[in-house]
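Overview (structure and organization)
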Amino acid sequence: MHHRQNSVILRRAVCPLGWPVLHLALAWLLLAATAWSHGAYHERLRELAAALENSPRDARLHFELAVVFCQHGDWMLSLASADSADEFQPNTHPTDLLRGEANLGHGQPGAARAALDRFLATHPPTPRALVLRARARAALEGPAAALADYRAALQLPQQPDIDHVRETAAALAAQAHRAEAADALSRAIAQHGPDPALLSQALELETAI
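Analysis parameters
- Residues numbered from 1 in each chain as written.
- Predicted model: local features only at pLDDT ≥ 70, side-chain atom pairs only at ≥ 80, totals over all residues.
- Heavy atoms only, no water.
- Axes fitted to C-alpha atoms, helices over the stretch in contact; angles between N-to-C directions.
- Helix = DSSP H or I, 4+ residues; strand = E, 2+ residues; numbered from the N terminus.
- Left-handed = near helix turned anticlockwise from the far one by under 90°.
- Contact = heavy atoms within 4.5 Å.
- Nonpolar A, V, L, I, M, F, W, Y, C, P; charged D, E, K, R; others polar.
- Polar contact = N/O pair within 3.5 Å; in protein donor to acceptor, adjacent residues only side chain to side chain.

Two numbers describe how helix H8 (residues 127–141) lies on helix H10 (residues 162–174): the axes approach to 11 Å, and their chain directions differ by 40°. Like other packed secondary-structure pairs, H8 and H10 cross with a definite hand, here left-handed. Judged by residue contacts, Arg 128, Val 131 and Arg 135 of H8 engage His 164, Glu 167 and Thr 168 from H10. A per-class count over the contact of H8 with H10 returns one nonpolar, two polar and three charged.

In this section: the side chain of Thr 126. Mapping Thr 126 onto the fold places it in the loop between helix H7 (109–122) and H8. In terms of polar contacts, Thr 126 uses its side chain to reach the backbone amide nitrogen of Ala 129, at 3.1 Å. For Thr 126, the contacting residues outside a window of four places in its chain are Phe 119, Leu 120, Leu 156 and Gln 158.

The following block contains the structure:
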């Protein structure tokens, strides 16, 4: 019950509102975040709440709040904060990339796919965006449909991080592309060094091929 009340307070704070209501909601956010100020997440909430109290229409602060909520798995609050960022300063922050991740976390792959399609149509591709869209495509169309985006992520100059490489290799291996998966892991090991998780996954694939 306490968590539900907190979520209601925060949702009111981050949704686009008229000035008097928004000002009051941000005051509630400041009080709530101060009351929760234990741990890095709640400390960052407290800092953002204080900043938004002074600058309630600052799109950058709303976007940062959306990122913090997304990292913590508060999907609906992240989406509401992203909407606020766009309300106050449209087309400035990568809100569709964030919407893709938040909608996936919320179990809405269709909305995630639409947001990621918009992002990739208007921004240079990134490994994160392609991996997220691969997840959405897998949920909507099946695992084989995700491989094009997984492969594209591996081809970018900006290499995916270790977790994304491991996810991509697992997706390739699951579709019987084990040699390709092993090659992706080998290249990641050459780039990142002998990471234990990469080495373990590569060994498993080598023994399976």
